[in-house]
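# Structure at a glance
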Amino acid sequence: DAKTTQPNSMESNEEEPVHLPCNHSTISGTDYIHWYRQLPSQGPEYVIHGLTSNVNNRMASLAIAEDRKSSTLILHRATLRDAAVYYCIREIQGAQKLVFGQGTRLTINP
Amino acid sequence: KAGVTQTPRYLIKTRGQQVTLSCSPISGHRSVSWYQQTPGQGLQFLFEYFSETQRNKGNFPGRFSGRQFSNSRSEMNVSTLELGDSALYLCASSSQPGLAVGNEQFFGPGTRLTVL
């Protein structure tokens, strides 16, 4: 069963790092992991994606476990504007199917 | 460059009616995906169209259908509305289908459908 699971909510403080976990234990070797976030009253927006090795961009870093059964989105210094629901998405290649996690609601305390 | 636009933004219907939602992708994008978002189920993939062809479909009943026109605009139709169809319906466009490497999806603001 292709499931992508995330904690329902997390809380952190401003200017501290945040680690958002995602479990995708049935992932296969060619499935990509994508992260999108949804700010209040807006549509989702792209954050980062990866396959096997860790990835960095201006918004975040993505750490993928060696067995690829889990991944962690890292916000290095959270700001109040990072408060959003973060979705971990597994893209199943071949089946051309997207499996969404339920999303983690991230609260940032000033 | 204009973003993804969805019309209408809000809609109220009653059970048994049908509804058609519209999505205009970013200029030059040929792929349009539709998602349903509810508090209980989160984001769920409905279907994706690329070059007027349905490329793949999520696990929704046949009451949910869609189409894409030659100008890449897409419509989504829900027939025989049920209370459980109340949701935010999001449309996303991209230059290529899926979430392939480098193929970011851009989401519209959504249409909030309320079924009474």
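Cut-offs and rules
- Residues numbered from 1 in each chain as written.
- Chains lettered and ligands numbered in written order.
- Predicted model: local features only at pLDDT ≥ 70, side-chain atom pairs only at ≥ 80, totals over all residues.
- Heavy atoms only, no water.
- pLDDT = per-residue confidence, 0-100.
- Helix = DSSP H or I, 4+ residues; strand = E, 2+ residues; numbered from the N terminus.
- Disulfide = S-S within 2.5 Å.
- Buried < 20%, exposed > 50% of the residue type's maximum accessible area, 1.4 Å probe, protein only.
- Salt bridge = Lys/Arg side-chain N within 4 Å of Asp/Glu carboxyl O.
- Pairing = 2+ DSSP bridges.
- 1 Å grid on protein atoms, 1.4 Å probe; cavity = no way out; pocket = protein on both sides within 12 Å on 5 of 7 lines; lining within 4 Å.
- Points joined across faces, edges and corners; volume = space filled by probe spheres on them.
- Nonpolar A, V, L, I, M, F, W, Y, C, P; charged D, E, K, R; others polar.

## Here we look at the confidence of the model for chain B
Per-residue confidence for chain B gives a mean pLDDT of 91; residues scoring 70 or more make up 96%. At the low end of the mean pLDDT range in chain B sits strand 6 (residues 53-57) of chain B, at 87; at the high end sits strand 3 (residues 19-24) of chain B, at 98.

## Here's the deal with the state of the cysteines
Cysteine pairs can be linked by a disulfide, which is a covalent bond between their two sulfur atoms. By the definition in use, this model includes two disulfides over all chains. Through a disulfide, A:Cys22 is tied to A:Cys88; the S-S separation comes to 2.0 Å. Linking A:Cys22 and A:Cys88, the disulfide has an S-S dihedral of approximately -80° and is accordingly described as left-handed. On the criterion of sequence distance, the pair formed by A:Cys22 in strand 2 (residues 18-23) and A:Cys88 in strand 8 (residues 84-92) is long-range, its members being 66 residues apart. The exposure classification of A:Cys22 matches that of A:Cys88, with both residues buried. In this model B:Cys23 forms its disulfide with B:Cys91; the gap between the sulfur atoms is 1.7 Å. Because the sign of the S-S torsion sets the handedness, a value of about -45° for the bond joining B:Cys23 and B:Cys91 places this disulfide among the left-handed ones. Of the two residues, B:Cys23 is situated in strand 3 and B:Cys91 in strand 9 (residues 87-94); the sequence distance between them amounts to 68 residues. Using a relative accessible area of 0% as the deciding quantity, one classes B:Cys23 as buried.

## Side note on the pattern of salt bridges
Residue and element names in this part refer to chain A. With the rule as written, the count across this model stands at nine salt bridges over all chains. Residue Asp 31 is joined to Arg 90 by a salt bridge in which the shortest nitrogen-to-oxygen separation is 2.9 Å. Of this pair, Asp 31 sits in the loop between strand 2 and strand 3 (32-38) while Arg 90 is found in strand 8, placing the two residues 59 residues apart along the sequence. A relative accessible area of 0% places Asp 31 in the buried class. Glu 45 is the partner of Arg 37 in a salt bridge, and the nearest nitrogen-oxygen pair spans 2.7 Å. By relative accessible area, which is 28% here, Glu 45 ends up partly exposed. Ionic contacts of the salt-bridge type, sharing partners, join the residues Arg 37, Glu 45 and Asp 82 into one network.

## Looking at the pairing of strand 10 (residues 104-109) of chain A
All names here are of chain A. On strand 10, burial follows the alternation: Thr 104, Leu 106 and Ile 108 on one face are buried, whereas Arg 105, Thr 107 and Asn 109 on the facing-out side are not. Direction of pairing for strand 1 (residues 9-13) relative to strand 10: parallel, over a ladder of five bridges. Note that in strand 10 the partner of Asn 13 across the bridge is Asn 109. Where strand 8 lies against strand 10, three bridges are found, and the strand directions are antiparallel. Across the sheet, residue Tyr 86 finds its bridge partner in strand 10, namely Thr 104.

## Here we look at the layout of surface pockets
To find leftover empty space, one rolls a probe the size of a water molecule over the atoms. In this structure, the largest pocket spans a volume of roughly 1,100 Å³. As for the largest pocket, its lining consists of 45 residues, of which A:Tyr87, B:Gln37, B:Gln41, B:Gly42 and B:Leu43 are closest to the centre. Taken together, the residues of the lining of the largest pocket break down into 18 nonpolar, 20 polar and seven charged. Counted as a void, the second largest pocket has a volume near 160 Å³. Around the second largest pocket, the lining residues are A:Gly43, A:Pro44, A:Glu45, A:Tyr46, A:Arg58, A:Met59, B:Glu104, B:Gln105, B:Phe106 and B:Phe107. Elements with a minimum of two residues in the lining of the second largest pocket: strand 4 (45-50) of chain A together with strand 10 (106-107) of chain B. Of the residues in the lining of the second largest pocket, the class split is five nonpolar, two polar and three charged.

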